[in-house]
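Here is how the chains run, residue by residue.
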Amino acid sequence: MGTDLHAGRADHSVDPLSHGEARGSLDDPPPYESIIMGTARDEPASRGPDVAGKQPLEAAITVFVTDPVRQLEGVRSFVSYRVTYRPASGPGSSVHPAGVIRRFSDFDWLKKQLRANHRGCIVPPLPEKNVVEKYKLTDEFIEQRRAALAVFMNRLAAHPVLRHSPAFQLFLDADEAGFAREVARTAGEAGGAGVLAAAASGSPAAAVASAVSLLRSLGASASGLVSRQLAPPSEEEEDGEYLRVRGYLHRLERHVAEVHGQAARLARHQAALADALTGFGEAVADLGADRESCAPRELAALSERSEAAACAAHGLAIRLAREVEAPLKEAARALLAVQRATADRSAALGALSSARADVDARRSRLARLRGTPGIREERVAEAERDLAHAQRKADAAKEVYNAIATRMSSELVAFQRQRAEELSAVLRRFATLVAAGEGAAAKTWAPLARGADA
């Protein structure tokens, strides 16, 4: 986060982007967060059951991501958003008055902090980064990202662990200066910038302490890499039910990704049909307008019906994209997030296996030393200390693994139940939309068909 960001954010009250059709009449298609969160609009409003009739995600607060604003120009351009929240105790609850201004990189920081500090938790996915669309910054792209960010935040608000994270609370409440300081601090910890900062401060003691801390961190990383090569995690040590569920979710990700791809294809097909009907109606109108036309009234009626059918097809294309394709895409990315969480568990098991192997090796060394005639007591005592240290590391690794495994057990159960309900709702929505679209098309063409039959 640089100074340009804060300079741009000062003008958040200007150039607000309209949300186009998503902010129009009650007949406009709702953004896809309505399918997930049970809200027809991403605005401060009471929460009710969603399109499937089930209750929305349980959360202590409802988060709103609104008012996207373009900042700067060219390669440095970005969009800032206003993030507000309201206690989810009822319609009478008041929204956090001012809210905070955040950009996409801030949401990305939050996701990374949650992943690092809550291993084993399934952190919801952010919308994917799209470099090409970022530089275009079309209204459609900005609205899609805004809706996806709203889903991300409300999934966090509904998570029994992540919603209590200090990083989540900081994201919602900290002013820009305080938030920027925390982002800089965590970036320094991750990249070893603390050594440079301590040296710049002129304090030798601080510089030495920071350097020692960095070396220890690098040493631990190198040790972890070597230990994983020496003692890879054994699947036989894992719980059989967990392995079954993990395998199923990995396969499910491929299937859902394929369904999403076909849903996107259907939405594009519907949009292409709308364009074709528009062109057809215009061509028929031109034909009927010719003075030599033999059936001007019939051709005018056909042109009119073609335009009506084109409007209906265009509306269906929008709704398919927002209410079917978008949530399916989020579902596929969520399953990738599950894979990242299971990777944390595998890494913890690998660390535990390595620690146990280290204990066995040191125990064997101690036994050899004790059986060696004339061995000095100092070497035996040193080997005993090494064994005790290795055992403590193994105990700590076991504690970490058990914590992740316990957390993941409840996470996977909740994830499967919640996502099954949501996926079912989305697919029912697809059937409803297509049936309604086909019915509207039949009504549009019916008068002309009856005339032809007559």
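Up top is the structure.
In this text, all values refer to a predicted model and were calculated from it rather than measured experimentally.

Asks: Before we go on, may I ask you to explain the overall build of the protein in this structure?
Replies: Looking only at helices and strands, the protein features 12 helices and 3 strands. Of all 454 residues assigned to the protein, the portion counted as buried reaches 39%. Summarising the internal contacts of the protein: among those between residues at least 6 apart in sequence, 70% fall at separations of at least 24. Within the structure as shown, the protein displays about 24300 Å² of accessible surface, and the carbon and sulfur contribution to it stands at 57%.

Asks: When you look at the pattern of salt bridges in this model, what are you seeing that I'm missing?
Replies: Oppositely charged side chains can pair when the atoms bearing their charge come close. On inspection of all chains with the given rule, the structure shows 23 salt bridges. Among the ionic pairs, R115 bridges to D344, the shortest N-O distance being 3.8 Å. Here R115, found in helix 3 (residues 104–117), pairs with D344, found in helix 11 (residues 296–370); they are 229 residues apart in sequence, far enough to count as distant. On the basis of relative accessibility, which here comes to 15%, the residue D344 falls in the buried class. The closest approach of N and O atoms between R146 and E143, which form a salt bridge, is 2.7 Å. Of the two residues, R146 and E143 are both situated in helix 5 (residues 139–158); the distance of 3 residues between them amounts to about one turn of the helix. Overall, E143 belongs to the buried group, its relative accessible area being 9%.

Asks: When you look at unusual backbone geometry in this model, what are you seeing that I'm missing?
Replies: In terms of backbone geometry, most residues other than glycine have negative phi values and most peptide bonds are trans. Of note, the phi angle at D67 is positive, near 50°, even though the residue is not glycine. Structurally, the position occupied by D67 is in strand 1 (residues 61–71). Using a relative accessible area of 35% as the deciding quantity, one classes D67 as partly exposed. Although it is not a glycine, L72 sits at a positive phi angle of roughly 60°.

Asks: What is the right way to read a positive patch on the surface from this model?
Replies: The grouping of R365, R368, R376 and R379 at the surface amounts to a positive patch. Mapping R365 onto the fold places it in helix 11.

Asks: Looking at this structure, I do not really get the sheet that holds strand 1. What am I missing?
Replies: Strand-to-strand pairing in sheets goes through backbone hydrogen bonds, with the strands running parallel or antiparallel. Strand order in the open sheet made by the 3 strands is 1-2-3, with antiparallel pairing throughout. The sheet is open, and its two borders are formed by strand 1 and strand 3 (100–103), each paired with just one other strand. Shown here is a sheet whose adjacent strand axes are inclined to one another by a mean of 35°, direction ignored. Seen against the sheet, helix 5 touches strand 1 and strand 2 (78–87) and runs at an angle of roughly 155° to strand 1. Of the strands in this sheet, strand 1, strand 2 and strand 3 are in contact with helix 6 (residues 166–173), which crosses strand 3 at around 115°.

Asks: Got a minute to help me understand empty space enclosed by the protein in this structure?
Replies: Over the atoms, a rolled probe matching the size of one water molecule traces out where space is still vacant. As enumerated under the stated definition, the model contains 1 cavity of 30 Å³ or more in all. Looking at the largest cavity, its volume works out to about 70 Å³. Lining the largest cavity we find K111, R115, H118, C121, V123, P124, A337, R340, A341 and D344. Elements with a minimum of two residues in the lining of the largest cavity: helix 3 and helix 11.

Asks: It is not clear to me how the packing of aromatic side chains should be interpreted in this structure. Could you clarify?
Replies: How two aromatic rings sit relative to each other is set out by the distance from centre to centre and by the angle between their planes. The tally for this structure, following the rule as stated, stands at 4 aromatic pairs. With a centroid separation of 5.8 Å and an interplanar angle of 80°, the aromatic rings of F171 and F179 are classed as edge-to-face. Residue F171 shares its accessibility class with F179, and that shared class is buried. Three or more aromatic residues joined by ring pairs form one cluster here, namely Y81, F107, W109, F171 and F179. Note that R102 overlies the ring of F171, its terminal NZ or CZ placed 5.3 Å from the centroid. Over the face of the ring belonging to F104 we find R145, whose NZ or CZ atom lies 3.9 Å from the ring centre.

How each quantity is defined
- Residue numbers run consecutively from 1 along every chain, following the written order of its sequence.
- Per-residue local features of the predicted model are confined to residues with pLDDT of at least 70, and side-chain atom pairs are confined, for both listing and counting, to 80 or more; whole-chain, interface and lining totals are unaffected and use all residues.
- Here the side-chain values reflect all heavy atoms present in the structure, with hydrogen atoms and water set aside.
- In this text, helices come from DSSP runs of H or I with a minimum length of four residues, and strands from runs of E with a minimum of two, each type numbered from the N-terminal end.
- Each residue is placed in one exposure class: buried if its accessible area under a 1.4 Å probe, protein chains only, is under 20% of its type's maximum, exposed if it is over 50%, and partly exposed if it falls in between.
- Note on definitions: a residue-residue contact is assigned when non-hydrogen atoms from the two residues lie within 4.5 Å.
- Residue exposure ignores everything except the shown protein chains as possible cover, and the areas themselves are Shrake-Rupley values with a 1.4 Å probe.
- We count a salt bridge whenever a side-chain nitrogen from Lys or Arg sits within 4 Å of a carboxyl oxygen from Asp or Glu.
- Only residues whose relative accessible area exceeds 30% and that form no salt bridge are eligible for patches; like-charged ones are grouped when within 9 Å, while nonpolar side chains (Val, Leu, Ile, Met, Phe, Trp, Tyr) are grouped when within 5 Å.
- A residue counts as positive if it is Lys or Arg and as negative if it is Asp or Glu; His and the chain ends are not included.
- A charged residue contributes its charge at one atom only: NZ of Lys, CZ of Arg, CG of Asp or CD of Glu.
- At least two DSSP bridges between two strands are required for those strands to pair.
- Lines fitted to C-alpha atoms define the axes, with helix axes restricted to the stretch in contact, and inter-axis angles between N-to-C directions lie between 0 and 180 degrees.
- Only protein atoms enter the 1 Å grid, on which a cavity is a set of points fitting a 1.4 Å probe that cannot get out and a pocket is an open set with protein on both sides within 12 Å along at least 5 of 7 lines, lining residues being those with an atom within 4 Å of a point.
- Grid points are joined across faces, edges and corners, and a volume is the space filled by probe spheres set on the points.
- Pairing of aromatic rings covers Phe, Tyr and Trp, the last counted by its six-membered ring, and requires centre-to-centre distances within 6.5 Å; plane angles under 30 degrees mean stacked, over 60 mean edge-to-face, and any other angle means tilted.
- In this scheme, Lys NZ or Arg CZ marks a charge over a ring once it lies within 6 Å of the ring centre and within 35 degrees of the ring normal.

Keep in mind that these numbers describe shape and distance, not what the molecule does.
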